[in-house]
Amino acid sequence: MAGRYALALFALAQEQNAVDQVANDLAGFNSMLADSADFARLVRSPVFTAEEQVRALGAVLAKAGISGLAANFLKLVASKRRLFAAPDMISNFGALVDDSRGIARAEVIVAEPLSETHLSALKEALRDVSGGRSVDVAVKIDPSIIGGLVVKLGSRMVDGSLRTKLNSLRNRMKEVG
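Rules of the game
Here the residue numbers are simple positions, counted from 1 along each chain's written sequence. Only residues with pLDDT of at least 70 are given local features in this predicted model, and only at 80 or more are side-chain atom pairs given and counted; all residues enter the totals for whole chains, interfaces and linings. The basis for every side-chain value is the complete set of heavy atoms in the structure, and neither hydrogens nor water enter the calculation. The axes are straight lines fitted to the C-alpha atoms, using for helices just the contacting stretch, and the angles between their N-to-C directions are given from 0 to 180°. Secondary structure follows DSSP: runs of H or I at least 4 residues long count as helices, runs of E at least 2 residues long count as strands, and numbering of each begins at the N terminus. For classification, angles of less than 35 degrees are called roughly parallel, those exceeding 145 degrees roughly antiparallel, those between 65 and 115 degrees roughly perpendicular, and all remaining angles oblique. Two helices cross in a left-handed way if the nearer one is turned anticlockwise from the farther one by less than a right angle. They cross in a right-handed way if the turn is clockwise. It only takes one pair of heavy atoms within 4.5 Å for two residues to be counted as in contact. Under the grouping applied here, Gly and all other residues not named as nonpolar or charged are polar, the nonpolar ones being Ala, Val, Leu, Ile, Met, Phe, Trp, Tyr, Cys and Pro and the charged ones Asp, Glu, Lys and Arg. Multiplying 1.5 Å by the residue count of a helix minus one yields the expected span of that helix. Note on exposure labels: buried denotes an accessible area under 20% of the residue type's maximum, exposed denotes more than 50%, and partly exposed covers the range between, all computed with a 1.4 Å probe on protein chains only. Directions drawn from the helix axis to the C-beta atoms are what define this arc. Two N or O atoms form a polar contact when they lie within 3.5 Å of each other; inside protein one atom must be a possible hydrogen donor and the other a possible acceptor, and for residues adjacent in sequence the pair counts only when both atoms belong to side chains. Patch membership is restricted to residues that have no salt bridge and whose relative accessible area is over 30%. Joining uses 9 Å for like charges and 5 Å for the nonpolar side chains Val, Leu, Ile, Met, Phe, Trp and Tyr. Accessible surface area values rest on a Shrake-Rupley calculation with a 1.4 Å probe, where residue burial reflects the displayed protein chains alone. Any Lys or Arg side-chain nitrogen found within 4 Å of a carboxyl oxygen on Asp or Glu counts as a salt bridge. Side-chain atoms within 4.5 Å link the members of a nonpolar core, which is a set of buried Ala, Val, Leu, Ile, Met, Phe, Trp, Tyr and Cys residues. We treat two strands as partners when DSSP finds at least two bridges between them. Crossovers are marked right-handed if the path from the first strand over the helix to the second runs clockwise, as seen with the strands pointing away from the viewer.

Caption draft 1: Quick peek at the packing of helix α1 (residues 2-15) against helix α5 (residues 68-79). Where α1 meets α5, the axes come as close as 11 Å, and the angle between the chain directions of the two elements is 155°. As summarised for this structure, α1 and α5 are arranged roughly antiparallel, according to the angle between their axes. α1 and α5 meet at a crossing whose hand is right-handed. Listed contacts from α5 to Y5, L9, L12 and A13 of α1 are L69, F73 and V77. Partitioned by chemical class, the residues of the contact of α1 with α5 number 7 nonpolar, no polar and no charged.

Below is the structure:
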């Protein structure tokens, strides 16, 4: 369902040459969801009627400066009782925008910050793996992986962390003994 809504919004945004504006507005909506537990409850809760959600959403969007196609889309989604799926719709819309621009997104988890040299080498390797597409890399620091890195590119994930290798070795040792 979320994919169909996102595809319809993307087609409409392309038709109106408003893809960037819609993407920015939807990103703002997503950040509001992340920042406010009350707003997230309004969006996800089936207790509120469609009319209540549309009315509250209209006030929030107006205050946030979100208007036009994105605001109309979100109000339509609320009126159809699908507001709970808005984060998935926004995520799918973002994937469509990235795909149209030839951008791949990667998430990399490392034990400690990467140097610029390592980061550029990683971006180059990911560009080669993604078929020459430009790669936007989000680096997260997680000391619990001990060393190595975990890379998620699209639906593919490679776990080269020391923690995973040690766990694998421990499991093999248990099987032997």
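Caption draft 2: Geometry of the environment of E112. Of note, E112 is situated in the loop between β1 (103-110) and α7 (116-129). For E112 and S144, which are 32 residues apart along the polypeptide, the C-alpha to C-alpha distance reads 10.0 Å.

Caption draft 3: Fine view of α5. Taking 1.5 Å of rise per residue, 12 residues should cover 16 Å, and α5 covers 17 Å from first to last C-alpha, within 8% of that figure. Every buried residue of α5 is accounted for by L69, A70, A71, F73, L74, V77 and A78. In this fold, the buried residues of α5 make contact with α1, α2 (19-35), α4 (50-64) and α6 (86-101). At the C-terminal side of α5, R81 shows a positive phi close to 60°.

Caption draft 4: Quick peek at α4. In this model, α4 (15 residues) spans 21 Å end to end at C-alpha, consistent with the 21 Å of a helix rising 1.5 Å per residue. Buried residues of α4: A50, Q53, L57, G58 and L61, and no others. With its buried residues spanning 135° around the axis, α4 presents them on a single face. The outward face of α4, more than 90 degrees from its buried face, is lined by the exposed residues E51, R55, A62 and K63. Against the buried residues of α4 lie α2, α3 (37-44) and α5. One or two residues past the end of α4 sits G65, with phi positive at roughly 80°.

Caption draft 5: Quick look at the side chain of S45. Its place among the elements puts S45 in the loop between α3 and α4. Since its relative accessible area comes to 15%, S45 is described here as buried. Among the polar contacts listed, one links the side chain of S45 to the backbone nitrogen of V47, at a separation of 3.1 Å.

Caption draft 6: Up close: a nonpolar patch on the surface. Taken together, I146, L162, L166, L169 and M173 make up a surface patch of nonpolar side chains, about 470 Å² in accessible area. Its location among the elements puts L166 in helix α8 (residues 162-176).

Caption draft 7: Inspection of the nonpolar core at higher detail. Counting residues in hydrophobic clusters, the biggest one holds 34 residues, and the most contacted among them are V22, F29 and F93. Of all the secondary structure elements, the ones that give two or more residues to this core are α1, α2, α3, α4, α5 and α6. Among the elements that make up this core, the one with the highest residue count is α5 (7 residues). Other than its neighbours up to four places away in sequence, F93 contacts A6, L9, F10, A13, V19, V22, A23 and L26. Listed in part, the 11 residues of the second largest apolar core include A106, L122, V135 and V151.

Caption draft 8: Structural context of the pairing of β1. Going residue by residue along β1, you find A104, A106, V108 and V110 tucked away on one face and I103, R105, E107 and I109 left uncovered on the opposite face. Pairing of β1 with strand β2 (residues 134-141), which is carried by 8 bridges, proceeds in the parallel orientation. Pairing of I109 across the sheet is with K140, part of β2. Assessed by its sense of winding, the connection that carries the chain from β1 through α7 to β2 is right-handed. Alignment of β1 against strand β3 (residues 149-153), held across 5 bridges, turns out to be antiparallel. Across the sheet, A106 pairs through a bridge with L153, a residue of β3.

So, to be careful, I would describe these as geometric facts and stop short of saying anything about function.
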